[in-house]
There are 2 protein chains.
Amino acid sequence: MNDKRQDKVTITEVAKHAGVSTATAGRVLGGYGYSRQEIKDRVKQAAEELGYRPNLLARGLITGKTKTIGVVAGDIQSPFYASILRGIADVTRAAGFGILLTNSDEQIERELEAVQLLREKQVDGLIIAPSDLSGSPHLQAAVRDGCPVVLIDRAIKNLAADAVCVDNRAASRDCITRLTDAGHRRIGLVAELERWEGGDITDFLTAVEDGALDSSTLFPSWQRLYGYIDALRSAGLPIDPGLIGRVGVYSSEAARKETQRLLERPERPTALFTADGLMSAAAMHVITSLDLQIPRDLSLICFDDLDWMSFIKPGIAAVVQPLTEMGEAAARLMLARVEGDGSKPQYLALQPKFAARGSIAAPLAL
Amino acid sequence: MNDKRQDKVTITEVAKHAGVSTATAGRVLGGYGYSRQEIKDRVKQAAEELGYRPNLLARGLITGKTKTIGVVAGDIQSPFYASILRGIADVTRAAGFGILLTNSDEQIERELEAVQLLREKQVDGLIIAPSDLSGSPHLQAAVRDGCPVVLIDRAIKNLAADAVCVDNRAASRDCITRLTDAGHRRIGLVAELERWEGGDITDFLTAVEDGALDSSTLFPSWQRLYGYIDALRSAGLPIDPGLIGRVGVYSSEAARKETQRLLERPERPTALFTADGLMSAAAMHVITSLDLQIPRDLSLICFDDLDWMSFIKPGIAAVVQPLTEMGEAAARLMLARVEGDGSKPQYLALQPKFAARGSIAAPLAL
DNA sequence: CTATAATATGAGAACGTTCGCACATTTTCT
DNA sequence: AGAAAATGTGCGAACGTTCTCATATTATAG
């Protein structure tokens, strides 16, 4: 009922108890210099007896390394980030690192605060899903200060940092091609498409036309739109902006509304492509409520494979991103940087898989 | 191409630049003692000019507080923990705390390592989903050392720590009662039921019979079994151990196998209760593959509401646990403790909601 | 107008480690 | 054998803060 913080056994006490200097005790316990076996045993036993536990703050203060990686995720509640984080956690843990987690909710101000906090806590590096792909002075500063940065899911223009992404454009193109191959000519797209500094959808279309766009530093949903355009063009089909459902904000509500708009058009699309998990769930809501039969009334392909897609009937075809692997790769890159790897930044594009399921059929004859 | 770690602007430099002592600069920048407005301005401006950022390690070393909470989740990849974590993150962030995350995979050795690492990193407190409900000397030690511990999802016997749980027994009882009310007499249960020190299912049944069981320190799946038994008893129905699907290990594979066993019994259950998200997904797999119609061939209620349950047809009735709220509550309790609240440990039992959906019907006449 | 309290500042010691250096002792190389 | 290298140990100074204490100065009260 009395003693609270009498715990703290320091290296000094261990040293005293073992009859050596703190330096020697430090060497044994920290495992960094020379020391005789006999001394090692003595110190270790003393530490054991006193219940010594190192104070990693003190160590970090002096070594300048905390063995902690800061992670800025968009929203840890989404299966997307949760899986990536799992990958990061597994790899870092194996290397004895901890992870300090924050959510940005994809908002640059939140990201800024997060990065600031993490850096003040002296993390050894930053793994981050960035919210601003063109400026990000806070990340430029981090890189300049020698704090390794690894980007996930999207890359920042002119930032000398590693990035682990997926070739969204190719994967999306592949999906749409499957649909055109099946005979579809009116293919709807539902995507977030929130931020693009270049303007609106038609601006984007002309920018694509001009070929003046670096798809690797676009937000994923724009890359996926890019692939959609690619596929339609190679199939010789026109691009109807009315079939492009731009949700504009990352919310289930808005996605439902946009899907509903698409599916209630006079000339209903015969196939739908949803550009991420949230959109897919929202689309399913609408499809179910409109009583549309998949794939008879509507073929469907989704970006991101959610658990239910494999066991509802029919199964829903999906692009499955290697999420845990992305996290692992990002963490491995980070560990290499922390250990001093100074080679030039890597852009890693992992290959997604395609889960073919029963949601694709030829369009009904009209 | 040359300068790497020239960044570090310390309080000493700021002090020099502002023409005051480090103590004064510290007071201004740390916001803790007295200082004149004029001095404040001068120091702040100096800090601004030099781009000063406090080193939270140094601060933590001396104050003994890191403004960091350690979290030990089972598996952050599961929506269950992801949601809880989100709640924790929101509340702690608002209070300026960071969270250091680890996964235990529900294994006590992993938990032990995690707790050790977190404590060495000097976290101000530990929020943990414990893997061992009867001993846990490492947590007893934490509490003894004055490191606040808040348990989530389940409580530990004789540990003086706060806990945030859900009344699993009551929620489960409620579900089963809905099924018996609908006329079901053969109700199957699929649950993890991995660890219980008392023995096997029949031992558990007799222990329940004797009323010698504290349900609040059982693992959730056992509490849910308890509720299942409660409900059948009050309905005057016998308990058939053959209807209790004990998966025994937390794996989708095993859950599928066990569900299959139940659904291929000679006298197939007319209703099924799955005791958590993983079990539910596995059960759906099997139900779909056996081509059973819900609710005609089988009524279904699931513990934990997954997104697909609301948009597949028919919808699946589910117990929805207030996960984010649990995380928030745990974090709030933690913050109170960190700020010195020494009142006696609280056991918080949040109320789950029930999402009634079309997966419940009367059993087919035999 | 003095006594007391509140405000304001600085010097220097913490906090618990590791690091640089000096100096012994042992091993290894010509 | 002697020189050089590797190994082993301790002292005391870092690391970048906050804290304690001493000492002013100013405001408030009696």
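Going by an unreviewed UniProt entry, chain A carries the name LacI family DNA-binding transcriptional regulator and comes from Rhizobium lusitanum.

Caption draft 1: Structural view of the overall build of chain A. Broken down by element type, chain A carries 13 helices and 12 strands. Against the 2.2 N^0.38 benchmark of 21 Å for 366 residues, chain A shows a C-alpha radius of gyration of 26 Å, more extended than a compact globule. With the C-alpha coordinates of chain A rotated into their principal frame, the extents come out at 90 × 45 × 35 Å. Residues counted as buried form 54% of the 366 residues belonging to chain A. Expressed as a percentage of contacts within chain A between residues at least 6 apart in sequence, the contacts between residues at least 24 apart total 68%.

Caption draft 2: Layout of the pairing of strand β9 (residues 299-303) of chain A. Residues and elements named next belong to chain A. With five of its five residues buried, β9 lies for the most part within the structure. Residues of β9 alternate between two faces, with Ser299, Ile301 and Phe303 on one and Leu300 and Cys302 on the opposite face, all of them buried. Pairing between strand β8 (residues 271-274) and β9: four bridges, direction parallel. Bridge pairing in β9 places Phe273 opposite Ile301. Handedness of the β-α-β unit built from β8, helix α12 (residues 277-289) and β9 comes out right-handed. Bridge count for β9 against strand β10 (residues 317-320) is three bridges, and the pairing is parallel. If you follow Cys302 over to β10, its bridge partner there is Ala318.

Caption draft 3: Highlighting the sheet that holds strand β3 (residues 125-128) of chain B. One open sheet accounts for 12 strands, arranged β11(A)-β5(A)-β4(A)-β3(A)-β1(A)-β2(A)-β2(B)-β1(B)-β3(B)-β4(B)-β5(B)-β11(B); its pairing is mixed. For this open sheet the edge positions go to β11 (347-350) of chain A together with β11 (347-350) of chain B, each flanked by a neighbour on one side alone. Sheet twist, expressed as the mean angle between neighbouring strand axes with direction ignored, is 20°. Helix α6 (residues 108-120) of chain A rests against β1 (68-73), β2 (98-103) and β3 (125-128) of chain A together with β2 (98-103) of chain B of the sheet, and its axis sits at about 175° to β1 of chain A. Those strands touched by helix α13 (residues 323-338) of chain B are β1 (68-73), β3, β4 (149-152), β5 (162-166) and β11 of chain B, and its axis lies near 170° from that of β5 of chain B.

Caption draft 4: Main features of the domain arrangement of chain A. For chain A, the domain assignment lists domain 1 (6-63), domain 2 (68-166 + 323-350) and domain 3 (168-321). Using C-alpha coordinates to define each centre, domain 1 of chain A is positioned 60 Å away from domain 3 of chain A.

Caption draft 5: The arrangement of the relation of the copies chain B and chain A in detail. Superposing chain B onto chain A requires a rotation of 180° together with a translation of 0.0 Å along the rotation axis, leaving an RMSD of 0.0 Å. Read as a symmetry element, the transformation amounts to a two-fold axis. Among all residues of chain B, the minimum C-alpha distance to the rotation axis is found for Leu100 of chain B, at 2.2 Å. Mapped onto chain A, 100% of the interface residues of chain B are again interface residues, and the two copies thus contact each other with one and the same surface.

Caption draft 6: Region of interest: the protein's contact with DNA strand D. Taken together, 25 residues lie near DNA strand D, and Thr24, Arg27 and Arg36 of chain A together with Arg59 and Ile62 of chain B sit nearest. The protein-proximal atoms of DNA strand D, defined as those within 4 Å of the protein, are 63% sugar or phosphate. Here Ser21 of chain A contributes a backbone N or O atom positioned 3.0 Å from a phosphate oxygen of DNA strand D. Looking at the surface near DNA strand D, its residues break down into 13 nonpolar, eight polar and four charged.

Caption draft 7: Quick peek at the pattern of salt bridges. Under the defined criterion, the tally for this structure stands at 52 salt bridges over all chains. When the shortest N-O distance is used, the salt bridge between Arg53 of chain A and Glu120 of chain B registers 3.2 Å. You can see Arg53 of chain A sitting in the loop between α3 (37-50) and α4 (56-63) and its partner Glu120 of chain B sitting in helix α6 (residues 108-120), one on each of two chains. Classification of Glu120 of chain B as buried rests on a relative accessible area of 11%. For Asp305 of chain A, the salt bridge goes to Arg357 of chain A, with nearest N and O atoms at 3.1 Å. Of this pair, Asp305 of chain A sits in the loop between β9 and β10 while Arg357 of chain A sits in the segment after β12 (353-355), and the two are 52 residues apart along the sequence. Overall, the relative accessible area of 33% leaves Asp305 of chain A in the partly exposed class. Taking the relative accessible area as the measure of exposure, Arg357 of chain A reaches 21% and is therefore partly exposed.

Scoring rules and cut-offs
Residues numbered from 1 in each chain as written. Chains lettered and ligands numbered in written order. Predicted model: local features only at pLDDT ≥ 70, side-chain atom pairs only at ≥ 80, totals over all residues. Heavy atoms only, no water. Helix = DSSP H or I, 4+ residues; strand = E, 2+ residues; numbered from the N terminus. Rg over C-alpha atoms; globule rule 2.2 N^0.38 Å. Buried < 20%, exposed > 50% of the residue type's maximum accessible area, 1.4 Å probe, protein only. Contact = heavy atoms within 4.5 Å. Pairing = 2+ DSSP bridges. Right-handed = clockwise from strand over helix to strand, strands pointing away. Axes fitted to C-alpha atoms, helices over the stretch in contact; angles between N-to-C directions. Domains from an automatic or database assignment. Least-squares fit on C-alpha atoms with pLDDT ≥ 70 in both. Near = heavy atom within 4 Å. Polar contact = N/O pair within 3.5 Å; in protein donor to acceptor, adjacent residues only side chain to side chain. Nonpolar A, V, L, I, M, F, W, Y, C, P; charged D, E, K, R; others polar. Salt bridge = Lys/Arg side-chain N within 4 Å of Asp/Glu carboxyl O.

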